[in-house]
Amino acid sequence: MFLAATIQSKIIGALPLVFTYVFFGLSLICILRGIRMLTKRYRMRHEGLHASSALLRHKMNGEAYYLPVFSYSGRNGEVFDIMGEERYATEAEALKARRPPVFADERPDAGIEVCSALMLVRPALLMLLGGCLLAAMVYSMSLLPK
């Protein structure tokens, strides 16, 4: 009986330390994911789509040219490939091509039809959740035995 009480008190004494590590890990994941999502949306909005590959084509006279291919994931996760119209002499030039998001599904705010400024809501909520988890970590650290 005494052994069971001792083990139980050790487990209860170690719980704040376990919660500290769990809260720290979850808050780090939420904050980093929110920052990553925010930077991806910012880059997409200001730089456009980057060419993911180049397609080699030949003219009738035997000359070769490259067309950039832009790939992106839609709102529901389906992958789209769009071939660019501008011709490039080398594959390296074609891979440097950029194209502004034209279709509704390409835009980072595609799921939001009210305002494009609302594209910041999900990353901001993730970072806020990370901040709350950091506060919970600090609280659980205060519960640690001295």
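One structure accompanies this document, and this report is about it. For clarity, every value in this text was computed on a predicted model and none was experimentally measured. (Residues numbered from 1 in each chain as written. Predicted model: local features only at pLDDT ≥ 70, side-chain atom pairs only at ≥ 80, totals over all residues. Heavy atoms only, no water.)

### Examining the overall build of the protein
Working step 1: Counting its secondary structure elements, the protein contains 3 helices and 4 strands.
Working step 2: For the protein, the succession of helices and strands along the chain, N to C, is α-β-β-β-α-β-α.
Working step 3: For the protein, the residues scored as buried account for 25% of the 146 residues in total.
Working step 4: A fraction of 55% describes how many contacts in the protein between residues 6 or more apart in sequence connect residues 24 or more apart.
Working step 5: Accessible surface, the protein: about 10,500 Å² in total, of which carbon and sulfur atoms supply 66%. (Helix = DSSP H or I, 4+ residues; strand = E, 2+ residues; numbered from the N terminus. Buried < 20%, exposed > 50% of the residue type's maximum accessible area, 1.4 Å probe, protein only. Contact = heavy atoms within 4.5 Å. Areas by Shrake-Rupley, 256 points an atom, 1.4 Å probe, with all protein chains shown as cover.)

### A word on the side chain of T20
Working step 1: Mapped onto the elements of the fold, T20 is located in helix α1 (residues 2-47).
Working step 2: Of note is the side chain of T20, whose polar atom sits 2.7 Å from the backbone oxygen of P16.
Working step 3: Residue contacts for T20: discarding those within four places in its chain leaves M137, S140 and M141. (Polar contact = N/O pair within 3.5 Å; in protein donor to acceptor, adjacent residues only side chain to side chain.)

### Concerning the state of the cysteines
Working step 1: With the rule as written, the count across this model stands at 0 disulfides.
Working step 2: Between C132, a free cysteine, and C30, which holds the nearest cysteine sulfur, the sulfur-to-sulfur gap is 9.9 Å.
Working step 3: We classify C132 as partly exposed; its relative accessible area is 48%. (Disulfide = S-S within 2.5 Å.)

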